[in-house]
Amino acid sequence: MSTTVSLTVNGKSASADVEPRTLLVQMLREHLGLTGTHVGCDTSQCGACVVHVDGQSVKACTMLAVQAEGTEITTIEGLADGDTLHPMQEAFRENHGLQCGFCTPGMVMAAVSLLRETPRPTEREVREGLEGNLCRCTGYHNIVRAVLVASGQDPDAGTDRGHAAEAPSGGVEVAPGFSTGSGA
Ligand code: FES
Ligand code: FES
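This is a predicted model, so every value here is computed, not measured. (Residues numbered from 1 in each chain as written. Chains lettered and ligands numbered in written order. Predicted model: local features only at pLDDT ≥ 70, side-chain atom pairs only at ≥ 80, totals over all residues.)

**Brief notes about the overall build of the protein**
Then step 1. Regarding its fold elements, the protein presents 5 helices and 5 strands.
Then step 2. From first element to last, N terminus to C terminus, the protein shows the α and β order β-β-α-β-β-β-α-α-α-α.
Then step 3. Counting the 184 residues in the protein, one finds 43% classified as buried. (Helix = DSSP H or I, 4+ residues; strand = E, 2+ residues; numbered from the N terminus. Buried ≥ 20, exposed ≤ 12 C-beta atoms within 10 Å, placed from the backbone.)

Put into structure tokens, the structure is as follows:
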């Protein structure tokens, strides 16, 4: 028996006939072809599957597709503006915040959500905010740097690793609804 689930994905209406047991991540990848959202564990350990559901960061392997009926979903495919990367994606690129890239979609989605809640996090807050996302390659250092840069802060300016220093120049618009940097 299948059920039709209708939702909005990256600003467009979408629907699919799924089984009651189908996970949201399976619906996104297998029914809607949005394979940018990865599956690393399927048991809510790795964070590779993080998407935004009604603006909240969610591991898409922990949610049934039928539970997403009527919601607004944003996946990694919905972050960039055409050929222009989202500032968080650009910060990851500039700061070598990825190697194999498998964790990156979930890491970026979680990082965008983190800055929505905490626009100017300390290094410790970044590490704690991303602790649900595992990376096998980078050692996390450059990921943390990327998030601090995306928040308009200079990751090299602080001596207290618990408190990131102020950025010397203006920040960037990280996500709709807030901007960071001098004057923010
Ligand atoms: S695939 Fe969802 S947390 Fe690993
Ligand atoms: S870049 Fe390879 S798992 Fe994170």
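Moving on from the coordinates now.
**Some points on the environment of Thr37**
Then step 1. Here Thr37 is to be found in the loop between helix H1 (24-31) and strand E3 (50-53).
Then step 2. Using a count of 23 C-beta atoms within 10 Å as the deciding quantity, one classes Thr37 as buried.
Then step 3. Along the sequence, Thr37 and Gln26 sit 11 residues apart, while their C-alpha atoms lie 9.5 Å from each other.
Then step 4. When neighbours within four sequence positions are excluded, Thr37 is seen to be in contact with Val25, Leu28, Arg29, Cys49, Val51, Ala60, Thr75, Ile76 and Pro105. (Contact = placed C-beta atoms within 7 Å.)

**Focus: helix H3 (residues 104-117)**
Then step 1. Between its first and last C-alpha, H3 extends 20 Å over 14 residues, near the 20 Å set by a 1.5 Å rise per residue.
Then step 2. Burial analysis of H3 places 12 of its 14 residues in the buried class, which makes it a mostly covered element.
Then step 3. Of all the positions in H3, only Thr104, Pro105, Gly106, Met107, Val108, Met109, Ala110, Ala111, Val112, Ser113, Leu114 and Leu115 are classed as buried.
Then step 4. The secondary structure elements touched by the buried residues of H3 are E3, strand E4 (56-59), helix H2 (87-94), helix H4 (123-129) and helix H5 (141-150). (Expected span 1.5 Å × (residues − 1).)

**As for the packing of H2 against H5**
To describe two helices that pack against each other, one gives the angle between their axes and the distance between the axes.
Then step 1. Here H2 crosses H5 at 135°, and the two axes come no closer than 8 Å. Relative to H5, the element H2 lies oblique. As H2 runs across H5, the sense of the crossing is right-handed. For the pair H2 and H5, contact is made by Pro87, Met88, Ala91 and Phe92 and by Ala146, Val149 and Ala150, respectively. (Axes fitted to C-alpha atoms, helices over the stretch in contact; angles between N-to-C directions. Parallel < 35°, antiparallel > 145°, perpendicular 65-115°, else oblique. Left-handed = near helix turned anticlockwise from the far one by under 90°.)

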